[in-house]
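A closer look at the structure
Listed here are the chains, written in short residue letters.
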Amino acid sequence: LGNQLFQYAIGKQLAVQHHTQLLLDTAWLSGQAGATVFPFQAIDPVATIAPRQLVEPFATTANRWRRITRRIINTYWPHRITFIRERHPYRKVSFPAPASCYLTGYWQHSGYFTAISDWLRSSLQTLLRPYVPSAFHVDSQSVCLHIRRGDYVTNRRYHTLPAHYYASALQLLQARVGPVQVYVFSDDPDWCRQYLTLAEPVWFCPPAPALVHLAQMSSCSHFIIPNSTFSWWASWIGRKTNSYTIMPLHWQRRNGRLTEAPGLTRHSLTIPYR
């Protein structure tokens, strides 16, 4: 869901900029077992799932040579759809994107959607509010601590953070805000209970659908997150005037080089754990 939100955000900003329609290509995601498509139309009724015949030549599921041929044709076709592949790292200078284009990539940086950030945050808060269980109550000293494991354990591009990262992050946070109540969210709660040793009161949140966890996480006041877009969005959505977010400096390994975390603003601190 975190990746989807980044992709939607840049597409929505470009659609607003060009006064045109946003079409979402969900073909690949819909074919993945256990995958969930974020309910974008709940916040953006005019966003539409793209017609298969329109996006098929560009999609990752298309034949490689057909994609190449289609892109070459579009380069010279008068009413072409410009194919734009994400380049790394994030560039603060805006890139040229015409009204009719197909974007592919992750686009993991808040700088890609600054023009719609207030609208997007408010819309997501409204969407998620009903997903917070009535028994879940947090206060100004609540901390969302997210531990992402799952496929990160075997994916060489990412790295799972050690337990001492979270202990160090909590000490850093306490030095600024004082005593806290920690709420732990994870896709591997057994690992958390075994290896996470914290002096502060800890509440391990039980497994729940992704939107429920996103809603609970974003309702907290402070955030300790790993290199995960899911909790990145929780901290971005739930940001308050005096919120602190602590995250690792390096996010992933791309082409043999470590890349830094996506941009966050207001009281975001980074720890250079590799």
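If you're wondering where the values come from, they're calculated on a predicted model, not measured in any experiment.

Regarding the pattern of salt bridges
Note on pairing: side chains with opposite charge can pair once their charged atoms come close. Under the criterion given, the structure shown has three salt bridges. With a closest N to O distance of 3.1 Å, K12 and D44 form a salt bridge. Taken together, the positions of K12 in helix α1 (residues 2-18) and D44 in the loop between α2 (27-30) and β2 (48-49) put the pair 32 residues apart, joining distant regions of the chain. For K12, a relative accessible area of 12% gives the class buried. Here R149 ties to D188 by a salt bridge, and the two come within 2.9 Å at their closest N and O atoms. Placement of R149 in the loop between β5 (142-147) and α6 (163-177) and of D188 in the loop between β6 (181-186) and α7 (189-195) is noted, with a sequence separation of 39 residues between them. Residue R149 is classed as buried on the basis of its relative accessible area of 14%. The class of D188 is partly exposed, set by a relative accessible area of 23%.

Some remarks on the confidence of the model for the chain
On average, residues of the chain carry a pLDDT of 85, and 84% of them reach 70 or more. When mean pLDDT is compared element by element in the chain, helix α5 (residues 117-128) scores highest at 97, while strand β12 (residues 268-271) scores lowest at 62.

Observations regarding the packing of aromatic side chains
A full pass over the atoms with the stated rule returns 18 aromatic pairs. A centroid spacing of 6.4 Å and a plane angle of 65° characterise the contact between F136 and F185, whose relative ring orientation is edge-to-face. Note that F136 is positioned in the loop between α5 and β5 and F185 in strand β6, a separation of 49 residues in sequence. Comparing F136 with F185, the two get one shared label, buried. Here W232 and W233 contribute two aromatic rings whose centre-to-centre distance is 5.1 Å and whose plane-to-plane angle is 70°, an arrangement assigned as edge-to-face.

Thresholds, definitions, all that
Residues numbered from 1 in each chain as written. Predicted model: local features only at pLDDT ≥ 70, side-chain atom pairs only at ≥ 80, totals over all residues. Heavy atoms only, no water. Salt bridge = Lys/Arg side-chain N within 4 Å of Asp/Glu carboxyl O. Helix = DSSP H or I, 4+ residues; strand = E, 2+ residues; numbered from the N terminus. Buried < 20%, exposed > 50% of the residue type's maximum accessible area, 1.4 Å probe, protein only. pLDDT = per-residue confidence, 0-100. Phe/Tyr/Trp six-rings, centres within 6.5 Å; stacked < 30°, edge-to-face > 60°.

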